[in-house]
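Okay, here's what each chain looks like letter by letter:
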Amino acid sequence: MSETAPAPVRLAPGDPAPDFTLPDADGTPVSLADRRGRRVIVYCYPAALTPGCTTQAVDFTAAAGDLAEAGLDIIGISPDPPEKLARFREQEGLGITLVSDPDKTVLAAYGAFGTKKLYGKEVQGVIRSTFVVDAEGRIERAAYNVKATGHVAKLRRDLGLG
C-alpha cells in the first residue's frame, strides 16, 4: 500500500468523546450516549485472546467493582467479531462490556488505530489506548500506547482509587 495514512486523531481532555453504538459479545448494541450521567472508561485493545489483551481485560474485570462504586463503567473496544468476544469473555471469565468495531471507524475516531511500532517495524493496527469519558460525554483523560500490564493499577491511582 503506497497511500499514506492521515495523521492520527489525538483526543485531549475537554474534547467531546466520539459517540458510538457497537455490538457487544452477544450482538446487543451498546451506546456511549446511553451512559450519560456516569463516567465511562473506554479502552481500545488490539485482539481478544492474546496475552497482553487478556492481562488487561482480566485486570479491568478485577477492578470493575471498585470502579463501578466510584461511578465508572468500562467498555472495551476491539476489531474482533462478537463471536470471538463471547469466547474471550467465557474463556477468561470477564465481567466487563466488550464491543466489536470490525471496520475500525470508532477506533480511528478515538485515535486508537493507525501506525504503530510492532517488533521494530511500522504497521497499521490498533494502538492500545484508554480514555475516561466524563458524565457529560467529554474526554477527561486520554492515554495512548499504554502498557497492558500494570495499566489498570496505574489508572486506579490516577483516578484516586488506590
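Residues numbered from 1 in each chain as written. Predicted model: local features only at pLDDT ≥ 70, side-chain atom pairs only at ≥ 80, totals over all residues. Heavy atoms only, no water.

## Here we look at the pairing of strand E4 (residues 72-78)
Working step 1: Among the seven residues in E4, seven count as buried, and that is most of the element.
Working step 2: Side-chain alternation along E4 places Leu72, Ile74, Gly76 and Ser78 on one buried face and Asp73, Ile75 and Ile77 on a second face that is also buried.
Working step 3: Pairing of strand E3 (residues 39-44) with E4, which is carried by six bridges, proceeds in the parallel orientation. Pairing of valine 42 across the sheet is with isoleucine 75, part of E4.
Working step 4: The parallel pair E3 and E4 is bridged by helix H1 (residues 51-69), and the resulting crossover is right-handed.
Working step 5: As defined by bridge partners, E4 adjoins strand E5 (residues 97-100) across four bridges and the pair is classed as parallel. Each bridged residue has a counterpart across the sheet, and for isoleucine 77 the counterpart in E5 is valine 99.
Working step 6: Crossover E4 to E5 through helix H2 (residues 82-92) is right-handed. (Buried < 20%, exposed > 50% of the residue type's maximum accessible area, 1.4 Å probe, protein only. Helix = DSSP H or I, 4+ residues; strand = E, 2+ residues; numbered from the N terminus. Pairing = 2+ DSSP bridges. Right-handed = clockwise from strand over helix to strand, strands pointing away.)

## Notes on the pattern of salt bridges
Working step 1: Taken as a whole and assessed by the stated rule, the structure comprises nine salt bridges.
Working step 2: For aspartate 73, the salt bridge goes to arginine 35, with nearest N and O atoms at 3.6 Å. One end of the pair, aspartate 73, is in strand E4; the other, arginine 35, is in the loop between strand E2 (29-31) and E3, with 38 residues separating them in the sequence.
Working step 3: Among the residues examined, aspartate 73 registers a relative accessible area of 15% and is labelled buried.
Working step 4: The residue lysine 154 makes a salt bridge to aspartate 158 at a minimum N-O spacing of 2.8 Å. Placement of the pair is lysine 154 and aspartate 158 together in helix H4 (residues 151-158), with a separation of four residues, close to one helical turn.
Working step 5: Judged by its relative accessible area of 36%, aspartate 158 is partly exposed. (Salt bridge = Lys/Arg side-chain N within 4 Å of Asp/Glu carboxyl O.)

## A word on unusual backbone geometry
Outside of glycine, negative phi angles account for most residues, and trans bonds account for most peptide bonds.
Working step 1: Of note in the backbone geometry, lysine 104 takes a positive phi value of approximately 65° without being a glycine.
Working step 2: A positive phi angle, near 55°, is found at asparagine 145, a position not held by glycine.

## Notes on the sheet that holds E3
Working step 1: Ordered in space as E5-E4-E3-E8-E9, the five strands form an open sheet in which the pairing is mixed. Bordering the open sheet on either side are E5 and strand E9 (139-144), each of which pairs with just one other strand. Averaged over all adjacent pairs, the angle separating strand axes in this sheet is 20°, with direction ignored.
Working step 2: Relative to the sheet, H2 contacts E4 and E5, its axis offset from that of E5 by approximately 155°. (Axes fitted to C-alpha atoms, helices over the stretch in contact; angles between N-to-C directions. Contact = heavy atoms within 4.5 Å.)

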